[in-house]
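Residues per chain, in single letters:
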There are 4 protein chains.
Amino acid sequence: MINKAPTIVALLSGRDIPGLVSRVSSHISERGGNIIHADQHHDQEAGIFFQRIEWIPQNVDIAAEEEAFRQFASEIGMSAKVANSAKRVKMVIMVSKMDHCFHDLILRWKAEEFNCDIVGVISNHGDLQETSASYGIPYHVIPVTRETKEAAEKKQLELLRELKADIVVLARYMQVLSGPFLKAIEIPVINIHHSFLPAFAGGRPYHQAYSRGVKLTGATAHYATEVLDDGPIINQDVIRISHRHNVKDLIRKGRHLEKTVLGQAVSWHLDNRILVYGNKTVVFD
Amino acid sequence: MINKAPTIVALLSGRDIPGLVSRVSSHISERGGNIIHADQHHDQEAGIFFQRIEWIPQNVDIAAEEEAFRQFASEIGMSAKVANSAKRVKMVIMVSKMDHCFHDLILRWKAEEFNCDIVGVISNHGDLQETSASYGIPYHVIPVTRETKEAAEKKQLELLRELKADIVVLARYMQVLSGPFLKAIEIPVINIHHSFLPAFAGGRPYHQAYSRGVKLTGATAHYATEVLDDGPIINQDVIRISHRHNVKDLIRKGRHLEKTVLGQAVSWHLDNRILVYGNKTVVFD
Amino acid sequence: MINKAPTIVALLSGRDIPGLVSRVSSHISERGGNIIHADQHHDQEAGIFFQRIEWIPQNVDIAAEEEAFRQFASEIGMSAKVANSAKRVKMVIMVSKMDHCFHDLILRWKAEEFNCDIVGVISNHGDLQETSASYGIPYHVIPVTRETKEAAEKKQLELLRELKADIVVLARYMQVLSGPFLKAIEIPVINIHHSFLPAFAGGRPYHQAYSRGVKLTGATAHYATEVLDDGPIINQDVIRISHRHNVKDLIRKGRHLEKTVLGQAVSWHLDNRILVYGNKTVVFD
Amino acid sequence: MINKAPTIVALLSGRDIPGLVSRVSSHISERGGNIIHADQHHDQEAGIFFQRIEWIPQNVDIAAEEEAFRQFASEIGMSAKVANSAKRVKMVIMVSKMDHCFHDLILRWKAEEFNCDIVGVISNHGDLQETSASYGIPYHVIPVTRETKEAAEKKQLELLRELKADIVVLARYMQVLSGPFLKAIEIPVINIHHSFLPAFAGGRPYHQAYSRGVKLTGATAHYATEVLDDGPIINQDVIRISHRHNVKDLIRKGRHLEKTVLGQAVSWHLDNRILVYGNKTVVFD
């Protein structure tokens, strides 16, 4: 959801030592900030502390407050991602031909559920060009074949930099992104996989699910990493199916699930609610 | 779940003023306490601040620490419920003839899910006497008829005081507790109602649900108040039903739902996760 | 889902007498029909038999086969609704300003989930005129005020007749339809109410839910009848909420639930899967 | 649920040819039977027909009617499993030390949800001996070590034959049953696996789930086959978890899920609602 008053959100993580909750809140209070949300998690096995803290700064120079917090975090030995909630990040959607997640993301954005600007759509096909135009979003076709993949990914990277993208959402983009691409991109990439991972990773998960005879079908939103369908999981959900449902039914029913799971994951990301550590996520929802 | 190390849990509520998060955590830190959980909620419309904070005190005299916190809370104008997690509260179960919630509560307790002692069962019927004995729990029969209700409730109150009960759980106890009884009891009473309240309050909710043709049937755990089925809701859940299910099926399917919803509510209560305000609850789960 | 081969679907109901399953299937088999789906329900309390049966007729004159079945049903004393699955019914959407259900219905239709033609949109506001045009669907503005309501409803009825509408879907249409209108309309009207009926009928259900402090919020698709929010329920679902969610959050989260619940209900209706009896539905899903 | 009137239930499967629904129902009607439930499924890809049909026979000699139906089924080339609903099958529970599924199965049985007799418990440990006795169920300890496994399984088989068991339920029995044992047993074995299969098959699924960082944890009831955790799935469900839950929490929360998923699967099996084909199930629920 879109915050009305300008706030600062910090996502902190680091070695868990006594007194952190108090030190962080004191730092903010001493500078006149008013904490409106604070949530923390202690991973007791790993000895790691995670916190999301959001406050209304007294200082109108928000950039200065952000910087002051970054310095404070570094002094107490914590990693910190600090964001100004009033600053809208730039999102790029990558899509192929299937349009359900594409429409859903844009309609959520138009309904002001997403605190971002959608600055472009990249597709390996031209099918959604006109629809994208009707939404007022620039559409870029970069065809991909086995032969041209390397060159195409280079173009995609250039375009993302040009668009100053902060986040890429794969809305059922049907090409596997290469390891080098994901290394080079330097911004988070959220993907929706149409199964309950780690079950049915890879291609044709609805066919795999049908063939195994499962009684629930799922969807998983995760950050894309170099290992296919293995990145940190953000959100998952399932729906009940039965022997009456064939692969086509799974595809049809799954569409609505994919939209819901992806939309929620993107919303959490944009609200700075997600901390990644190792191959897992902490979601302060 | 049962906490291993002795901790103090405080449930705070009061007028929301800037700096509360920081002041509370500073108070604890300055006395050497190590905060292991802190969660807060700001009701922005009502201007109320709610917090659950749990810490390992440095001082081995836990009672002194509890008292110090109570005094601190009063100084900053907050109501506080402070508990020592190592102290086991005493629970009494009230039951009639239906035994599914009765078994479920006791089995959760035996599986160490409940941080309490079950010190007795009160029933208006003798049916579960033997079963209760096999669990090693004293069973008290206090019959209730329209004529004897007042006297029976007096006996129940005396018994609850004798047993030093801290919490009463109505495990499908089929008598309406009177207003005077609920006023006099002075300890929380958790009830399970077999519908999704406020739909189908009062008697025979499964019959009501069947007759209305709803497609989901629910269960609601709430604190009992003088107004029947109107107390603060703690937990609710539903399951899907269809035209194929008659009233008997609803009763059968509902049983398992009632157990789950009630068991979770009791667990939250015993872990000091619930703050009641007005007719609502804040559950720090 | 859209059926490929032309089939006949019959929805039968009537007094339950032995041998009905056999008589119905024999009638179809004897005329060379191949039954591809048959599902029945016996309401044992009320003594009523319900059946949905779908078959591929041997006779290419489908209208004749339909007529033969209607006659057969009448001979065995059953009510029958008989439909040719290849015939696309005409749907009209009524909408005000909120557009989430409007978009969802149209996108499901474009994705070929709905076996119908959407022949028009009627609104009391002009807001969605342009969007409707971009989807290629005629949009009709009929303003409604307290004073003009009767005249407006007359216009709506005329328009529905002109459009030869078979079904009206209220996609968060924010006007209460009058009793006389609903009597006169003679085609089914599906409404989405944003609560778990019968809880929170009437106006502002999210506000009601927030104020009662429920832990789940719901949506209900039902056939509109003269009594507000009291018609036969087709589909319901809920999502979990907590004290953290204010009314705005309920509205935002509820939107996605409303879409899912309404979309499924419309799909069942169009696939002739719903039998209404009294104030309830049998859904052969 | 337990059927009151004696009925016959047939589970049919075989090559799908036109007219089967009609032929089966005619056969029953012609012999004076009254069909009270009929549900069928056509696997259109595989060309297989499945049906569950239940009727009240006119003939009081139910065994003769069963035999007549078996012969009829064979004439039309269908496999048939025919059962008299009044005949109670004999169930044996196998358990180790964890008792949650053990209690749940027995309490459902005592609440008359299961149409069977529980004729014995087999365990590799003595821990639940006394509890089993308090339920009035004979308890047999057959210790299993790596060295004695073969001999132990031989004893188990002998005991199952002695008890005339019709169905074995593994209520968190912590030993892998060998291929030869499962070949020799000749009666269905239902197992509960504490994950959403095929994810996290094998040992310590809660640890696997925790380590992968999934956002839902599941349970799967399936028929045990020679390949571990790979048999036909009967029922599955999941619950939401988050970063706040460690392995112990998963175990605790999972317990209640395991009970629900297993209880429902056993109930369907006992009501003759499950047809196995290949590695999948058709569940006529």
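The residue numbers shown here count from 1 along each chain, following its written sequence. Written order decides the labels, with chains lettered from A and ligands numbered from 1. Residues qualify for local features only when their pLDDT is at least 70, as the model is predicted, and side-chain atom pairs are given and counted only at 80 or more; totals for whole chains, interfaces and linings, by contrast, use all residues. The basis for the side-chain values is all heavy atoms of the structure; hydrogens and waters are excluded.

Student: Residue-level account of the relation of the copies chain B and chain A, with values.
Tutor: Both copies of the chain are placed relative to one another by a rotation about an axis and a shift along it. Superposing chain B onto chain A takes a rotation of 180 degrees combined with a translation of 0.0 Å along the rotation axis, leaving an RMSD of 0.0 Å. Given the turn and translation reported, the copies of this chain are related as if by a two-fold rotation axis. Two residues qualify as a contact provided that any one of their heavy atoms is within 4.5 Å of a heavy atom in the partner residue. Interface overlap between copies is the fraction of interface residues in one copy that are interface residues in the other; for chain B against chain A it reaches 100%, indicating a shared surface. Only residues with pLDDT of at least 70 in both copies contribute their C-alpha atoms to the least-squares superposition of the copies.

Student: I'd like a description of the packing of aromatic side chains, backed by residues and values.
Tutor: Pairing of aromatic side chains requires ring centres within 6.5 Å, counting the rings of Phe and Tyr and the six-membered ring of Trp. Pairs whose planes differ by under 30 degrees are stacked, by over 60 edge-to-face, and all others tilted. Counted under the stated rule, the structure contains 18 aromatic pairs over all chains. Consider the rings of Phe102 of chain B and Tyr135 of chain B, whose centres lie 6.2 Å apart with planes at 65 degrees: the pair is edge-to-face. One end of the pair, Phe102 of chain B, is in helix H3 (residues 100-110); the other, Tyr135 of chain B, is in the loop between helix H4 (129-134) and strand E7 (139-141), and 33 residues separate them in sequence. Both rings, one in Trp55 of chain D and one in Phe69 of chain D, keep their centres 5.0 Å apart while their planes meet at 40 degrees; by these two values the pair is tilted. Of the two residues, Trp55 of chain D is situated in strand E3 (residues 48-56) and Phe69 of chain D in helix H2 (residues 62-75); the sequence distance between them amounts to 14 residues. One exposure class covers both Trp55 of chain D and Phe69 of chain D, and it is buried. Through pairs of rings, three or more aromatic residues link up here, namely Trp55, Phe69 and Phe72 of chain A. Geometrically, a lysine NZ or arginine CZ counts as sitting over a ring once it is within 6 Å of the ring centre and also within 35 degrees of the ring normal. Cation over ring: Lys280 of chain B sits above Tyr210 of chain C, and NZ or CZ is 3.5 Å from the ring centre. Helix and strand labels come from DSSP, where a helix needs a run of H or I of at least four residues and a strand needs a run of E of at least two; each type is numbered from the N terminus. For every residue, the accessible area obtained with a 1.4 Å probe (protein chains only) is divided by the maximum for its type, and the residue is called buried under 20%, exposed over 50%, and partly exposed between those limits.

Student: Lay out the domain arrangement of chain A in plain terms, naming residues and giving numbers.
Tutor: All names here are of chain A. Residue ranges labeled as domains rest on an automatic or database domain assignment. As far as domains go, chain A holds domain 1 (8-84) and domain 2 (89-283). Averaged C-alpha coordinates put domain 1 and domain 2 at centres separated by 31 Å. Taken residue by residue, the interface counts 13 residues in domain 1 and 7 residues in domain 2. Overall, the association of domain 1 and domain 2 removes approximately 820 Å² of surface from exposure, summing both partners, and the carbon and sulfur fraction of that is 61%. Computed with a 1.4 Å rolling probe, the buried area is the accessible surface lost when two parts are put together, summed over both parts.

Student: Tell me about the environment of Ile8 of chain A, and please be specific about residues and values.
Tutor: Residue and element names in this part refer to chain A. Relative to the helices and strands, Ile8 is located in strand E1 (residues 8-15). With 45 residues separating them along the chain, Ile8 and Ile53 place their C-alpha atoms 8.2 Å apart. Residues in contact with Ile8, not counting those within four places in the same chain, are Ile53, Glu54, Trp55, Pro57, Ile62, Glu65, Glu66, Val82 and Ala83.

Student: Quick one: what's the story with the relation of the copies chain D and chain A, residue by residue and with numbers?
Tutor: The transformation that overlays chain D on chain A combines an axial shift of 0.0 Å with a rotation of 180 degrees, and the residual RMSD is 0.0 Å. The share of interface residues of chain D whose copies in chain A are also at the interface is 100%, consistent with both copies meeting through the same surface.

Student: Could you give me a rundown of helix H8 (residues 247-270) of chain B, with the residues and numbers involved?
Tutor: Residue and element names in this part refer to chain B. With 24 residues, H8 ought to run about 34 Å at 1.5 Å a step, and its terminal C-alpha atoms sit 34 Å apart, in line with that. Here the bend at a residue is taken as the angle between two axes, fitted respectively to the seven residues that end there and the seven that start there. A bend of about 30 degrees at Gly254 is the largest found in H8. By the criterion of burial, H8 is predominantly enclosed, with 19 of the 24 residues buried. Looking at where H8 begins, the residue whose side-chain oxygen comes 3.1 Å from the main-chain nitrogen of Lys248 is Asn246. Where H8 ends, the next residue or the one after it, Asn272, has phi of about 55 degrees, a positive value. Between the first and last residue of a helix there are one fewer steps than residues, each counted as 1.5 Å, and that sum is the expected span. Polar contact is the term for a pair of N or O atoms within 3.5 Å; when the atoms are in protein, one must be able to donate a hydrogen and the other to accept it, and sequence-neighboring residues count only if both atoms are side-chain atoms.

Student: Describe the sheet that holds strand E6 (residues 116-123) of chain D, with residues and values.
Tutor: All names here are of chain D. Ordered in space as E7-E6-E5-E8-E9-E10-E11, the 7 strands form an open sheet in which the pairing is mixed. Since the sheet does not close on itself, it has two edges, and those belong to strand E7 (139-141) and strand E11 (233-240), each with one partner. Geometrically, the sheet is characterised by an average inter-axis angle of 20 degrees between neighbouring strands, direction not taken into account. Where helix H3 (residues 100-110) meets the sheet, it contacts strand E5 (89-95), E6, strand E8 (167-170) and strand E9 (189-193), and its direction lies at approximately 160 degrees from that of E6. In this analysis an axis means a line fitted to C-alpha atoms, helices contributing only their contacting stretch, and an angle means the value between N-to-C directions, from 0 to 180 degrees. Packing of helix H5 (residues 149-162) onto the sheet brings it into contact with E5, E6, E7 and E8, and relative to E6 it is tilted by some 160 degrees. Strand pairing follows a simple DSSP-based rule, namely that at least 2 bridges must link the two strands.

Student: Can you explain the interface of chain B and chain A? Please cite residues and give values.
Tutor: In this complex, chain B contributes 14 residues to the contact, which on the side of chain A involves 14 residues. Buried surface at the junction of chain B and chain A, both sides included, amounts to about 1200 Å², of which 47% is carbon and sulfur. In what follows, salt bridge is the name for a side-chain nitrogen of Lys or Arg lying within 4 Å of a carboxyl oxygen of Asp or Glu. Here chain B is connected to chain A by 0 salt bridges. Put simply, chain B and chain A have 6 residue pairs in polar contact (both at pLDDT 80 or more) between them. At the level of secondary structure, the elements contributing two or more residues to the side of chain B that touches chain A comprise helix H1 (20-30) and strand E2 (34-43) of chain B. Per-class residue counts for the side of chain B that touches chain A are 5 nonpolar, 8 polar and 1 charged. For this scheme, ten residues count as nonpolar: Ala, Val, Leu, Ile, Met, Phe, Trp, Tyr, Cys and Pro. Four count as charged, namely Asp, Glu, Lys and Arg, and the remainder, Gly too, count as polar.

Student: Please provide a residue-by-residue account of the interface of chain D and chain A, values included.
Tutor: Between chain D and chain A, the residue contacts involve 36 residues of the former and 36 residues of the latter. In this assembly, chain D packs against chain A so that about 3100 Å² is buried in total across both faces, 50% of it on carbon and sulfur atoms. Three residues stand out in chain D for area buried against chain A, namely Arg212, Lys215 and His243 of chain D, and they jointly supply 23% of the buried area on that side. Taken together, the links from chain D to chain A amount to 6 salt bridges. At the surface where chain D touches chain A, the tally comes to 22 residue pairs in polar contact (both at pLDDT 80 or more). Element by element, the count of residues in the side of chain D that touches chain A is highest for E11 of chain D, at 7 residues.

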